[in-house]
Number of protein chains: 2
Amino acid sequence: MKTIENPSKQDWQAIIERPTQKVSDIESIVTEIFSEISQDGDKAIAKYTEKFDGVVLDTMKVSTLEIEEAANQVPDNLKVAIGKAKANIEKFHAAQKTKKVEVETTNGVLCWQEKRAIQKIGLYIPGGTAPLFSTVLMLAVPAQIAGCKEIVLCTPPNKEGKIANEILYAAQLCGVTKIFKVGGIQAIAGLTFGTQSIPKVSKIFGPGNQFVTVAKQLATKHGIAIDMPAGPSELLVIADASANASYVASDLLSQAEHGADSQVILVSDTKELLAEVADEIEKQLLELPRKEIATQALQNAKAVLIENREEALDFVNEYAAEHLIIATRNNDFFIDNITNAGSVFIGNYTPESAGDYASGTNHTLPTNGFSKAYSGVNLDSFLKSITFQKISKKGLLNIGNTIELMAEAEGLQAHKNAVSIRLKDLS
Amino acid sequence: MKTIENPSKQDWQAIIERPTQKVSDIESIVTEIFSEISQDGDKAIAKYTEKFDGVVLDTMKVSTLEIEEAANQVPDNLKVAIGKAKANIEKFHAAQKTKKVEVETTNGVLCWQEKRAIQKIGLYIPGGTAPLFSTVLMLAVPAQIAGCKEIVLCTPPNKEGKIANEILYAAQLCGVTKIFKVGGIQAIAGLTFGTQSIPKVSKIFGPGNQFVTVAKQLATKHGIAIDMPAGPSELLVIADASANASYVASDLLSQAEHGADSQVILVSDTKELLAEVADEIEKQLLELPRKEIATQALQNAKAVLIENREEALDFVNEYAAEHLIIATRNNDFFIDNITNAGSVFIGNYTPESAGDYASGTNHTLPTNGFSKAYSGVNLDSFLKSITFQKISKKGLLNIGNTIELMAEAEGLQAHKNAVSIRLKDLS
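Cut-offs applied
- Residues numbered from 1 in each chain as written.
- Chains lettered and ligands numbered in written order.
- Predicted model: local features only at pLDDT ≥ 70, side-chain atom pairs only at ≥ 80, totals over all residues.
- Heavy atoms only, no water.
- Phe/Tyr/Trp six-rings, centres within 6.5 Å; stacked < 30°, edge-to-face > 60°.
- Helix = DSSP H or I, 4+ residues; strand = E, 2+ residues; numbered from the N terminus.
- Buried < 20%, exposed > 50% of the residue type's maximum accessible area, 1.4 Å probe, protein only.
- Lys NZ or Arg CZ within 6 Å of the ring centre and 35° of its normal.
- Domains from an automatic or database assignment.
- Axes fitted to C-alpha atoms, helices over the stretch in contact; angles between N-to-C directions.
- Parallel < 35°, antiparallel > 145°, perpendicular 65-115°, else oblique.
- Left-handed = near helix turned anticlockwise from the far one by under 90°.
- Contact = heavy atoms within 4.5 Å.
- Nonpolar A, V, L, I, M, F, W, Y, C, P; charged D, E, K, R; others polar.
- Least-squares fit on C-alpha atoms with pLDDT ≥ 70 in both.
- Pairing = 2+ DSSP bridges.
- Right-handed = clockwise from strand over helix to strand, strands pointing away.
- Patch = residues over 30% accessible without salt bridge, like charges linked within 9 Å, V, L, I, M, F, W, Y side chains within 5 Å.
- Areas by Shrake-Rupley, 256 points an atom, 1.4 Å probe, with all protein chains shown as cover.
- Salt bridge = Lys/Arg side-chain N within 4 Å of Asp/Glu carboxyl O.
- Lys, Arg positive; Asp, Glu negative; His and termini not counted.
- Charge placed at Lys NZ, Arg CZ, Asp CG, Glu CD.
- Buried area = accessible area lost by both parts, 1.4 Å probe.
- Polar contact = N/O pair within 3.5 Å; in protein donor to acceptor, adjacent residues only side chain to side chain.
- Disulfide = S-S within 2.5 Å.
- Arc of directions from axis to C-beta.
- 1 Å grid on protein atoms, 1.4 Å probe; cavity = no way out; pocket = protein on both sides within 12 Å on 5 of 7 lines; lining within 4 Å.
- Points joined across faces, edges and corners; volume = space filled by probe spheres on them.

**Some details on the packing of aromatic side chains**
Residue and element names in this part refer to chain B. Under the criterion given, the structure shown has 16 aromatic pairs over all chains. Between Tyr 247 and Tyr 349, the aromatic rings sit 5.7 Å apart at their centres with planes inclined by 65 degrees, giving edge-to-face as the arrangement. Remark: Tyr 349 occurs in the loop between β13 (341-346) and α15 (352-357) and Tyr 247 occurs in helix α10 (residues 245-256); sequence separation between them is 102 residues. Accessibility assignment for this pair places Tyr 247 and Tyr 349 in one class, buried. Over the ring of Tyr 319 we find Arg 18; its NZ or CZ atom is 3.7 Å from the centre of that ring.

**Considerations on the domain arrangement of chain A**
When the parts come together, some accessible area is lost, and that loss is often what is quoted as the size of the interface. Looking at chain A, the domain boundaries give domain 1 (2-18 + 232-360), domain 2 (23-98 + 117-231) and domain 3 (392-426). Domain 2 of chain A and domain 3 of chain A are separated by 49 Å when their C-alpha centres are compared.

**Digging into the packing of helix α9 (residues 210-221) of chain A against helix α9 (residues 210-221) of chain B**
Running from N to C, α9(A) and α9(B) point in directions that differ by 165 degrees, and their axes come no closer than 11 Å. For the element pair α9(A) / α9(B), the angle class is roughly antiparallel. In this structure, α9(A) crosses over α9(B), and the sense of that crossing is right-handed. Together, Gln217(A), Thr220(A) and Lys221(A) of α9(A) and Gln217(B), Thr220(B) and Lys221(B) of α9(B) make up the contact between the two elements. Among the residues forming the contact of α9(A) with α9(B), the class breakdown is no nonpolar, 4 polar and 2 charged.

**Topic: the relation of the copies chain A and chain B**
Once chain A is rotated about the relating axis by 180 degrees and shifted along it by 0.0 Å, it coincides with chain B to within an RMSD of 0.0 Å. Classification of the inter-copy transformation places it as that of a two-fold axis. Relative to the rotation axis, the closest C-alpha in chain A is found at Thr98(A), a distance of 4.1 Å.

**Remarks on the pairing of strand β10 (residues 263-268) of chain B**
For a regular strand, the rule is simple: side chains alternate between the two faces of the sheet. Residue and element names in this part refer to chain B. Within β10, 6 of the 6 residues are buried, which leaves it mostly tucked inside the rest of the structure. Residues of β10 alternate between two faces, with Gln 263, Ile 265 and Val 267 on one and Val 264, Leu 266 and Ser 268 on the opposite face, all of them buried. Where strand β9 (residues 234-239) and β10 come together, 6 bridges link them in parallel fashion. Along β10, the bridge assignment pairs Glu 234 with Gln 263. In this view, the connection linking β9 to its parallel neighbour β10 by way of α10 has right-handed handedness. Looking at chain direction, β10 and strand β11 (residues 302-305) are connected through 4 bridges and run parallel. Its bridge partner lying in β11, Ile 265 is registered against Lys 302.

**Digging into a negative patch on the surface**
Taken together, Glu272(A), Glu276(A), Asp279(A) and Glu282(A) make up a surface patch of like negative charges. Looking at the secondary structure, you find Asp279(A) in helix α11 (residues 271-285).

**A closer look at the sheet that holds strand β5 (residues 150-155) of chain A**
All names here are of chain A. The parallel open sheet is built from 5 strands, whose spatial order is β6-β5-β4-β7-β8. Where the open sheet ends on each side, the last strands, each with one partner, are β6 (178-181) and β8 (225-226). Note: β5 against β6, 4 bridges, orientation parallel. Its bridge partner lying in β6, Val 152 is registered against Lys 178.

**Considerations on the interface of chain A and chain B**
Contact with chain A, which involves 118 residues of that partner, is made by 119 residues of chain B. Contact between chain A and chain B buries roughly 10200 Å² in total, counting both sides, with carbon and sulfur atoms accounting for 60%. Contact with chain B buries surface across chain A, with Tyr349(A), Glu410(A) and Arg422(A) losing the most and accounting together for 8% of the total. In this structure, the connection of chain A to chain B is made through 4 salt bridges.

**Some thoughts on the side chain of Gln96(B)**
Here Gln96(B) lies in the loop between α5 (76-94) and β2 (101-106). Of note is the side chain of Gln96(B), whose polar atom sits 2.9 Å from the backbone nitrogen of Leu379(B). Residues within four places of Gln96(B) in sequence aside, it is in contact with Val101(A), Gln113(A), Asn378(B) and Leu379(B).

**Notes on the pairing of strand β2 (residues 101-106) of chain A**
Residues and elements named next belong to chain A. Here β2 pairs with strand β3 (residues 109-117) via 5 bridges, running antiparallel. Within β3, the residue paired with Thr 106 across the bridge is Val 109. What sits between β2 and β3 in their antiparallel hairpin is a turn of 2 residues, with Gly 108 showing a positive phi close to 90 degrees.

**Considering the environment of Ser35(A)**
Among the secondary structure elements, Ser35(A) is positioned in helix α2 (residues 24-40). A C-alpha to C-alpha distance of 26 Å links Ser35(A) and Lys159(A), two positions 124 residues apart in sequence.

**Details of the sheet that holds strand β4 (residues 120-124) of chain B**
All names here are of chain B. If you walk across this open sheet you meet the 5 strands as β6-β5-β4-β7-β8, and the pairing is parallel. Only two strands of the sheet have a single partner each, and these edge strands are β6 (178-181) and β8 (225-226). Pairing of β4 with strand β7 (residues 203-205), which is carried by 3 bridges, proceeds in the parallel orientation. For Leu 123, the partnering residue across the bridge sits in β7 and is Phe 205. Taken strand by strand, helix α8 (residues 184-193) contacts β4, β5 (150-155) and β7, and its axis lies near 180 degrees from that of β4.

**Section: the state of the cysteines**
Applying the stated rule across the entire model yields 0 disulfides over all chains. Among the cysteines around Cys148(A), which has no disulfide bond, Cys174(A) carries the closest sulfur, lying 13 Å off.

**Focus on helix α12 (residues 291-298) of chain A**
All names here are of chain A. Among the residues of α12, those classed as buried are Ala 294, Ala 297 and Leu 298. Mapping the buried residues of α12 onto a view down its axis gives an arc of 100 degrees, with all of them on the same face. Looking at the buried side of α12, the elements it contacts are α10 (245-256), β10 (263-268) and α11.

**Details of unusual backbone geometry**
Phi is positive for Asn368(A), close to 60 degrees, though the residue is something other than glycine. In this fold, Asn368(A) is placed in the loop between α15 (352-357) and β14 (383-391).

**Section: empty space enclosed by the protein**
The final tally for this structure, using the stated rule, is 5 cavities of 30 Å³ or more. One number sums up the size of the largest cavity: a volume of about 1000 Å³. If you go around the largest cavity, you meet 42 residues; those closest to its centre are Lys203(A), Tyr374(A), Lys203(B), Asp227(B) and Tyr374(B). Put simply, the parts of the chain that give the lining of the largest cavity at least two residues each are β3, α9, β8 and β14 of chain A together with β3 (109-117), α9, β8 and β14 (383-391) of chain B.

Right, here's the structure in full:
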């Protein structure tokens, strides 16, 4: 962890820079696989599943029997934990429902906005060493509350052609309608074009490695929406002397264990805390099974001393963290003035891992500074708002002339005529 | 206008297909200009303004004096019309404000969601023959209501180095903070990277030709959000014998005059209406100044006879129109069951041009079937939602074990440890 004391604003850009990712060489592979799957569907999917996942499957769709068997394997205490987390996620996302917005903007001109569910969505859940069943909850729970009709989940099989029990259990618990053993680029391509087995969807959600990220970006060129562009996970902690150094260290490490490219930043107005946290990290790191990954990630870590509070706020907003922990004497100052962050964790007893699993907030969040413009996944991510308008004869008499004048000034005579032809009948 | 009677579902895909756009040859030009502007800033912008707009400017920033002079040139009756339209747009978008969503998901676990403005945004307004000042209203009014701090507008200058008076007038009226005489790819690149003159923004809004569309897509690769992918404008009208054929024709023509690639579709359960509308189009077309453009667009137009109401609904949802006019005996059936549309216009006295200018709804809408997953521009387009959580000691005692179990099952020991280390102090 590199310590930087009172950097000048000119140096901020270098400090907040994320570890770079190279995508250009990936793009050609992704484009080729997309093209093949758009042509050959399931056959091409099977080819890439064999190539990348090392397994030949009889069928890529997970059967009801497989799901039942998987559910039986999940320990009861974990089922209880998943149930509690699910209940909190449900409460928080259900509370995000909005009512129809209706306004009579001019007498006789009724406008309203209603949200309707995206009908078909795809969820991508990565494979690998750890089964990320928590992400199934974070995506499928709000999708179900929103009322999405088709919720398709793709996740890579292991070499035995299986999916982690916890993922299958969580998927059926949260109303996923179809599950496919398909991973990586081929999963995103399948959801983009549709195949004999996999339905074409309108929006794709979920994390993934660089191949998945580039594939999701390419999907947007084919008219498919995505939740957000993804990058390595990150955490910024702003803490003062009131913070507990060992807690701060544990939070920074929980972020660092995600991957070698994870980034953690600590900002404080006191050198003592920076030093204490550094000591605590050293200590706690030794105990961690993923200490090698965390150690690599810590090479990108920065401890920044900023004594002025307003300047610290500016720095935090400029960084635009995916996860932001605030542990200071005056948390409200930061809460009130934060403009850019994905999810914010307040006080000494709110570890980031609470939001990763069970508090109820979503853990699919904008990384890489994208929180300057993007929200994390929330109920609205699964809805679109549609506007409606209904104008009475009187209403058209009231605004008709305004429309005519503006259409004429824009040189769009047919736009004007659509009003004039009606007004003529009304006069 | 091609008439298709009772097509089978297999034929729908061919009917709803939009006129294709080729982007591959544009991409290399866009990539090159982006690279040059990211390196050379204003200098490169000036080079491309000379090349594409045929003008060498002393300064690309519009001065206060220029704005004042432009405002003086706008006729008073147009100013009144713009004022009325602005008032309606303001009413409808201000009504879309939402309150903080706060839930105590578990005793001691307080979660909330707040929306905060995107701080810096860019608005792109195309040049060309017609000054699209209405789009300035549609983008700048909600941006101001949302509280965006920096609202930067770029629009190409004409050969005299000027911008249309109406655009400058509307921009200052709606709180645009900076206006630049920069168009096309170079404008999008300038807003993406920032130059000596143009501020870097976090999100870019606004319509444009294929070059602008591809440039906005490329901007997303550089971490800049965009309002939505754009395509040619389109209208679907669903009408039965209760509709007025000449009104329907006028609406279809108002869409057709946008561009040769605009698409209009009429769906009806009665052959008579299809025939009457076709006749009316012939008649009204003759009077239009933009009749050549409209005639070309009408070559892509389709009149589809679908007698079954449920099937008509499915077709309308499958098309997912940018603009949808419903003029039938039972409009509520369609209103209640529409899942995919940008903006909906109901009844005989609600022409699409009302929403283009003055009813209050937004006219920046998803084309090309994107309304299956995208909303039109609305207040939320200028905001991000941030989640917050604050857990008390008691709250952590309540959910701590749930987090520990789930983190352990995902193999993320440091995530677990961030909770365990706190629980130890609390027990």
